[in-house]
Amino acid sequence: MDKLLSVEMLNVVYGKGKDSVHAVKDVTFYIKPGEIFGLVGESGCGKSSLGKAVIRLTDPTSGTIDFNGTDVASLKGKALKTYRQEVQMVFQDPYGSLNPRMKVGSAIVDVLQVHKIGNNTMERRARVTELFEAVGLEPDWAWRYPHEFSGGQRQRICIARALALNPDLLVADEPVSALDVSVQAEILQLLEKLRASRQLAFLFVSHDLAVVRNVCDRVAVMYNGEIVEMGNVADVIDNPQHEYTRKLLEAVPSF
Amino acid sequence: MKNKSQSLWGDAWRRLKKNRLAMFCLGLVIFFTLLAVYGEIVYRYYEIKDVASPYSLTNLDIAYEAPSSRHWMGTDGLGRDVMARLVQGVRIAYKVGIITSMIAIPIGVILGCLAGFFGGKVDDFIVWLYSTFASMPGLLFILAIAMVVPDQGLLGVYLGIGLTTWVGLCRLVRGEVMKHKEQTYVQAAKALGLGSGRIMFKHILPNISHVIIVTFSLRFPAAVGTEVIMSFLGIGVQGEPSWGLMIDSARMRLWQGMWWEMTFVTIALFLLVLAFNLLGDALRDALDPRLND
């Protein structure tokens, strides 16, 4: 079995009846261990909904999400909590994703405590130090409040928090699009480094084709809730088959 | 990046310090608080010694004395010192303000958090509950509760005010929690496997604590005012020098020129209510999270 995550015929529908929105339609794809899988498309195409369904922030309406041999699409309670240790998420907005009234290190200690990792606060604090070093931050900074950090630093903190549970898959929902270009490159390098050192796989959701071309191994193009094209990143971007992919590429000046 | 870690409360305090009126009101609130503590000590002292306190001893020889160097605020119809009774009134006002808050605030916060966080049926039920409470005329409802409490006196006042004034806070907390629930940090907390209780009370609640503090400083004087009205109507405090009772007894002789008891009690009530309200407003500005960063 060479697949870490395998999604089949996944549907996400918001609402009921006439007002319902079919955000994700019959989507099928897989991610291998240690692979960076890109998901591109314009805003509103359902790529974020798909990411949220994979991490189970949104309940899928139908279909299966197979993770390491278990169907996680309908997990609840304790089993869902265990799944949280395998798959984590980094959000687009580094300003909103940290609790403003909590020291960033305390937020991570809190997560470790909930998952009973480490025996006491001392051990958990030591783990926070390790995590901060792993994402390239000064360990002393862990005991500060979020408003004292820049956007790039905050995104590093978010990544450290996501790594606290030692996941195998990280859903990165536009992780760099809120950052300055120079900072974007640093964060992308960090993600590459983590992939290499921890065999971490990524579901990399983005609208930025240049970024996707740089970091992803394989890519899926989403349009109107459906995957219209999927393949190795070089094939898809250099030799697009689907009309929508061509349009998407034409819209980017550098391609 | 700042070098020293500074708390958000520190920022709020700096902003509050710049507001002179707020600092004056804070001084007044501290002054009243000290008076209340002093009043409690005096009350306990006479209770332990098991003698009648001077402020409740009748001495008809000196009834209705105008303010003088011996009785700064004069004496009332039974010859009791108005100033000493006024201080005891502060004690009762504080007890009412604090104890009713300890009843109303937890109810409002817990129900508001549950309604805002879970939504759906839980929300429907809590909204129905507080709408029902809010639809009844406040004072009548308070009087009804106070009447059915067997032990007439302060307990009825506490329960009456405490059980009816949580609605406003509940609404505010519900709205704030709904707002925060959609924020990414709550989504992240969910994705990290944190439980609902922990997210509500450890993560969201500190972010809306300013609402609770402001509500406390605004409902405190309201509770004091309600107690005065209840005592004035004869349903609240009995046998203790509440401001309401003092106003009630003073009104009888006001037309004969015995102005001092009414005047000083009214001034004290006015200052206490005003100080808390202005301080509450200033706190609301100082703690506004939009001004942070």
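Cut-off values and rules
- Residues numbered from 1 in each chain as written.
- Chains lettered and ligands numbered in written order.
- Predicted model: local features only at pLDDT ≥ 70, side-chain atom pairs only at ≥ 80, totals over all residues.
- Heavy atoms only, no water.
- Helix = DSSP H or I, 4+ residues; strand = E, 2+ residues; numbered from the N terminus.
- Buried < 20%, exposed > 50% of the residue type's maximum accessible area, 1.4 Å probe, protein only.
- Areas by Shrake-Rupley, 256 points an atom, 1.4 Å probe, with all protein chains shown as cover.
- Pairing = 2+ DSSP bridges.
- Contact = heavy atoms within 4.5 Å.
- Buried area = accessible area lost by both parts, 1.4 Å probe.
- Salt bridge = Lys/Arg side-chain N within 4 Å of Asp/Glu carboxyl O.
- Polar contact = N/O pair within 3.5 Å; in protein donor to acceptor, adjacent residues only side chain to side chain.
- Phe/Tyr/Trp six-rings, centres within 6.5 Å; stacked < 30°, edge-to-face > 60°.
- Lys NZ or Arg CZ within 6 Å of the ring centre and 35° of its normal.

**Section: the overall build of chain B**
Okay, so step 1: If you tally the helices and strands in chain B, you get twelve helices and zero strands.
Okay, so step 2: Start at the N end of chain B and walk to the C end: the helices and strands fall as α-α-α-α-α-α-α-α-α-α-α-α.
Okay, so step 3: Judged by the C-alpha coordinates and their principal axes, chain B covers about 75 × 50 × 40 Å.
Okay, so step 4: Burial statistics for chain B: of 293 residues in total, 48% are counted as buried.
Okay, so step 5: Roughly 14,400 Å² of accessible area belongs to chain B as shown, and the carbon and sulfur atoms make up 67% of that amount.

**Observations concerning the sheet that holds strand β4 (residues 62-67) of chain A**
Residue and element names in this part refer to chain A.
Okay, so step 1: Spatial ordering of the open sheet is given by β2-β1-β4-β5, a layout of four strands whose pairing is antiparallel. What marks the edges here is a single partner per strand, and that holds for β2 (21-31) and β5 (70-71).
Okay, so step 2: Relative to β2, strand β1 (residues 5-14) runs antiparallel, the two sharing seven bridges. Across the sheet, the residue bridging to Ser6 is Tyr30, located in β2.

**Section: the interface of chain B and chain A**
Okay, so step 1: Facing 26 residues of chain B, the contacting portion of chain A comprises 31 residues.
Okay, so step 2: Summed over both partners, the interface of chain B with chain A buries about 2,600 Å², with 55% contributed by carbon and sulfur atoms.
Okay, so step 3: Here Asp110 of chain A makes a salt bridge to Arg198 of chain B, at a shortest N to O gap of 2.3 Å.
Okay, so step 4: One can count nine residue pairs in polar contact (both at pLDDT 80 or more) joining chain B with chain A.
Okay, so step 5: Listing elements by their share of the side of chain B that touches chain A, those giving two or more residues are α1 (8-18), α8 (184-191) and α9 (196-204) of chain B.
Okay, so step 6: The greatest single-element share of the side of chain B that touches chain A, amounting to six residues, is contributed by α8 of chain B.

**Focus: the environment of Gly27 of chain B**
Okay, so step 1: Among the secondary structure elements, Gly27 of chain B is positioned in helix α2 (residues 20-49).
Okay, so step 2: In sequence terms Gly27 of chain B and Leu279 of chain B are 252 residues apart; their C-alpha atoms lie 10.0 Å from each other.

**Details of the packing of aromatic side chains**
Okay, so step 1: For the coordinates displayed, the defined rule picks out 16 aromatic pairs over all chains.
Okay, so step 2: Here the aromatic rings of Phe117 of chain B and Phe118 of chain B are separated by 5.3 Å at their centres, their planes lie at 90°, and the arrangement is edge-to-face.
Okay, so step 3: In this structure an aromatic cluster arises from ring pairing among Tyr94, Phe216, Phe220 and Phe276 of chain B.
Okay, so step 4: The ring of Trp143 of chain A carries the charged tip of Arg125 of chain A above its face, separated from the ring centre by 4.1 Å.
Okay, so step 5: For the cation-ring pair, Arg91 of chain B lies above Tyr43 of chain B, with the distance from its terminal atom to the ring centre recorded as 3.6 Å.

**Observations concerning the environment of Ala162 of chain A**
Residue and element names in this part refer to chain A.
Okay, so step 1: Here Ala162 is to be found in helix α5 (residues 151-163).
Okay, so step 2: Taking relative accessible area as the criterion, Ala162 reaches 1% and is therefore assigned buried.
Okay, so step 3: For the pair formed by Ala162 and Leu131, sequence separation is 31 residues and the distance between their alpha carbons is 9.7 Å.
Okay, so step 4: Every residue in contact with Ala162, bar those within four places of it in the chain, is listed here: Gln88, Met89, Val90, Pro167 and Leu170.

**Focus: the side chain of Gln88 of chain B**
Residues and elements named next belong to chain B.
Okay, so step 1: For Gln88, the position within the fold is in helix α3 (residues 82-118).
Okay, so step 2: Only 3.1 Å separates the side chain of Gln88 from the backbone oxygen of Gly39, close enough to count as a polar contact.
Okay, so step 3: Dropping the residues within four chain positions of it, Gln88 is found in contact with Gly39, Val42, Tyr43, Tyr55 and Pro241.

By themselves, these are just geometric observations and shouldn't be taken as functional.
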